[in-house]
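# Overview (structure and organization)
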Amino acid sequence: MLPVRPRIDYDFRIETDLLLLTFGPGRLPRAVVSSAPGREHIALPAGIDLDSETVQQWLWRVLVAALRRQAEAILPERLSCLAGTLRYHRVTIKDIHTRWGSCSSLGNINLSLWLMLAPSHLVDYVLCHELTHLREMNHGPRFWALLDEMTGGRARQLEREMRHFGHEKSLFLSCKVPKGGV
Ligand SMILES: [Zn+2]
């Protein structure tokens, strides 16, 4: 069975302690986006038919673009703050569905734009997780000890919470977000 995405209408919103993203009716024949870090409002074209499947597909692309804009405005700066003296090469925001983030042996960090659905403490957990991979590429005992240092001894607990969150969100967004690992 094909996954069914949630319907986007004027009541659709994403609200976390990092982001308030809302849709609303507009007066112009085109969409008007008001965007600032942490805040996004999309006034939809006047007279738009929200029941049209084509419109829903377009709204989904508008939503993904908005989440990407917010992720780019918020995540690199947050990563830089958490990194302290740790050095990474580049951070890239991607529409990844299979994981929240990844870190290459060259020090490139990729982050899923779907992280913007998560509360700040889980976002920070993922950022710390990827930063720890700069020091330890695997998920062995040393990795968890280092991640514990960055998270006040809560690494395993936060990992469990992130997995649970991914499971819940994947139900909400019909398998469009990572269910598990970082
Ligand atoms: Zn990892």
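As shown above, the structure is provided for reference.
To start, this report covers the structure provided alongside it. A quick note: this is a predicted structure, and the numbers were derived from the prediction, not measured.

A few words now on the overall build of the chain. What the chain contains, in helices and strands, is four helices and seven strands. Beginning at the N terminus, the succession of helices and strands in the chain can be written as β-β-β-β-α-β-β-β-α-α-α. Seen through its principal axes, the chain has C-alpha atoms that stretch 55 × 35 × 25 Å. Counting every position in the chain, which comprises 182 residues, the buried fraction comes to 27%. Taking all contacts inside the chain whose residues are at least 6 apart in sequence as the whole, residues at least 24 apart take part in 48%.

The biggest cluster of nonpolar side chains holds 37 residues, and the ones touching the most others in it are Leu67, Ala71, Leu111, Leu113, Leu115, Met116 and Val126. Elements with a contribution of two residues or more to this core: strand S2 (20-25), strand S4 (39-44), helix H1 (53-83), strand S5 (90-94), strand S7 (108-112), helix H2 (120-133), helix H3 (141-150) and helix H4 (155-172). Take this core: its biggest share by element is seven residues, from H1. Those residues within four positions of Ala71 in sequence are excluded, and the remaining contacts are Ile93, Leu111, Leu113, Leu115 and Met116.

Below, the discussion takes up the sheet that holds S4. Pairing within the open sheet is mixed, and its four strands lie in the order S1-S2-S4-S3. The open sheet has two edge strands, strand S1 (13-15) and strand S3 (32-36), and neither has a second partner. Here the average twist between neighbouring strands, direction ignored, is 15°. Pairing of S1 with S2 involves three bridges; the strand directions are antiparallel. Residue pairing across strands places Ile14 opposite Leu21, the latter belonging to S2. On the sheet, H1 packs against S2, S3 and S4 and is oriented at approximately 155° with respect to S4.

Cut-offs used in this document
Residues numbered from 1 in each chain as written. Predicted model: local features only at pLDDT ≥ 70, side-chain atom pairs only at ≥ 80, totals over all residues. Helix = DSSP H or I, 4+ residues; strand = E, 2+ residues; numbered from the N terminus. Buried ≥ 20, exposed ≤ 12 C-beta atoms within 10 Å, placed from the backbone. Contact = placed C-beta atoms within 7 Å. Core = buried A, V, L, I, M, F, W, Y, C linked by C-beta atoms within 7 Å. Pairing = 2+ DSSP bridges. Axes fitted to C-alpha atoms, helices over the stretch in contact; angles between N-to-C directions.

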